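Tertiary structure, described
Each chain is listed here by its residues.
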Amino acid sequence: MSVYRVASRYAKSLLDLAKGKSLLDELHKDMQLFSSVCEQNRDFALMLKNPVITNEKKASVLTKIFEGKVHPVTITFFDIITRKHREKFLPAIATEFHKQFNLLHNIGMASVTTVFPLDQTLRQDFKDLVIHYTGKAEVELEEEVDEELIGGYQLKLEGKQVDESLKGKLKELSLKFT
């Protein structure tokens, strides 16, 4: 079974549980914390995928790291996942939980790449643009700086890409002349 399918099913189950117990925001914060730990600590993420390390040891590590920092339901969820030998999917489950949470709350996701870091005014302009295109109530904007764009921006949202960068325009001209 694909990683996406496994992650999607477990994330949906956790989301349903969270809604049923009125813990949606708390468990969302827990999954965000877990994702940030995975991003910041490569060894931790690799440990989850390592088949040599026993599931009991992985469950113990998860409990020691997150106990007291996350809701007990999250700790129980981690325990269930490790008992089912699915701990390698935990980072994908956390990511998918975030996506499903955003869908539930009508929050759009977009990524903008510019030559320089955005100030508050430009950030809000991009958010307004994405809200206009997607019709979402709110937008989560991921920002990236890429000096190779020369100028302009690249905006990615819901499977679409708007390339208004000088690098993109030069590439387009080059293709026309070829």
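Residues numbered from 1 in each chain as written. Predicted model: local features only at pLDDT ≥ 70, side-chain atom pairs only at ≥ 80, totals over all residues. Heavy atoms only, no water.

**Here's the deal with the sheet that holds strand β4 (residues 160-163)**
One open sheet holds the 4 strands; their spatial order is β2-β1-β3-β4, and the pairing between them is mixed. The open sheet is flanked by β2 (138-145) and β4, the only strands paired with a single partner. On average, each strand axis in the sheet is tilted by 20° relative to the strand beside it, whichever way the strands run. Pairing of strand β3 (residues 153-157) with β4, which is carried by 4 bridges, proceeds in the antiparallel orientation. Within β4, the position partnered with L157 by the bridge is K160. (Pairing = 2+ DSSP bridges. Helix = DSSP H or I, 4+ residues; strand = E, 2+ residues; numbered from the N terminus. Axes fitted to C-alpha atoms, helices over the stretch in contact; angles between N-to-C directions.)

**Here's the deal with the pattern of salt bridges**
A complete count under the given rule lists 7 salt bridges for this structure. When the shortest N-O distance is used, the salt bridge between E164 and K169 registers 3.6 Å. Beyond isolated ion pairs, a larger network of salt bridges with shared partners links K12, D16 and K19. (Salt bridge = Lys/Arg side-chain N within 4 Å of Asp/Glu carboxyl O.)

**Some remarks on the layout of surface pockets**
If you add up the space inside the largest pocket, you get close to 380 Å³. What lines the largest pocket is a set of 16 residues, among which E39, H98, M109, E140 and E142 lie closest to the centre. The set of elements that each furnish at least two residues to the lining of the largest pocket consists of α2 (24-40), α6 (90-104), β1 (107-114) and β2. (1 Å grid on protein atoms, 1.4 Å probe; cavity = no way out; pocket = protein on both sides within 12 Å on 5 of 7 lines; lining within 4 Å. Points joined across faces, edges and corners; volume = space filled by probe spheres on them.)

**A word on α2**
Over its 17 residues, α2 runs 24 Å from end to end, which matches the ideal 24 Å to within 8%, given 1.5 Å per residue. Turning to α2, its buried residues number three or more, namely L24, L27, H28, D30, M31, F34, S35, V37 and C38. Looking at the buried side of α2, the elements it contacts are α1 (3-20), α3 (42-49), α4 (55-66), α5 (72-83) and α6. (Expected span 1.5 Å × (residues − 1). Buried < 20%, exposed > 50% of the residue type's maximum accessible area, 1.4 Å probe, protein only. Contact = heavy atoms within 4.5 Å.)

**Details of α3**
Within the span of α3, buried status applies to F44, A45, M47 and L48. In an axial view of α3, the angular spread of the buried residues amounts to 155°, which keeps them on one side of the axis. Facing away from the buried surface of α3 by more than 90 degrees, the exposed residues are R42, D43 and K49. Buried residues along α3 sit in contact with α2, α4 and α6. (Arc of directions from axis to C-beta.)

**Overview of the nonpolar core**
Among the nonpolar cores identified, the biggest contains 32 residues, and F34, F44, F66 and I93 are the most heavily contacted of them. Looking at this core, the element that brings in the most residues is α1, giving 7 residues. Once you skip the residues sitting within four places of it in the chain, F66 turns out to touch L33, F34, V37, F44, I75 and F78. One finds V112, L118, V130 and L157 within the second-largest nonpolar core, a separate group that totals 9 residues. (Core = buried A, V, L, I, M, F, W, Y, C linked by side-chain atoms within 4.5 Å.)

**Concerning the pairing of β3**
Sheet topology note: the β1/β3 ladder contains 5 bridges and is antiparallel. Residue pairing for β3: V112 is matched across the bridge by L155. Taking the residues between adjacent antiparallel strands as the criterion, β3 and β4 are bridged by 2 residues, where E158 takes a positive phi near 40°.

**Considering a negative patch on the surface**
Where like charges cluster on the molecular surface, the negative patch consists of E39, E138, E140, E142 and E144. Looking at which element gives the most residues to the negative patch, the answer is β2, with 4 residues. (Patch = residues over 30% accessible without salt bridge, like charges linked within 9 Å, V, L, I, M, F, W, Y side chains within 5 Å. Areas by Shrake-Rupley, 256 points an atom, 1.4 Å probe, with all protein chains shown as cover. Lys, Arg positive; Asp, Glu negative; His and termini not counted. Charge placed at Lys NZ, Arg CZ, Asp CG, Glu CD.)

**Here we look at the packing of aromatic side chains**
Tallied over the entire structure, the rule returns 6 aromatic pairs. Pairing F44 with F66 gives two aromatic rings, centres 6.2 Å apart and planes at 65°, and the pair type is edge-to-face. You can see F44 sitting in helix α3 and its partner F66 sitting in helix α4, a full 22 residues away along the chain. Note on F126 and Y153: the rings are 5.0 Å apart at their centroids and 75° apart in plane angle, and the pair reads as edge-to-face. Within this pair, whereas F126 is found in helix α7 (residues 120-134), its partner Y153 is found in strand β3, the two being separated by 27 residues in sequence. What makes Y153 partly exposed here is its relative accessible area of 22%. (Phe/Tyr/Trp six-rings, centres within 6.5 Å; stacked < 30°, edge-to-face > 60°.)

None of this, on its own, says anything about what the molecule does.
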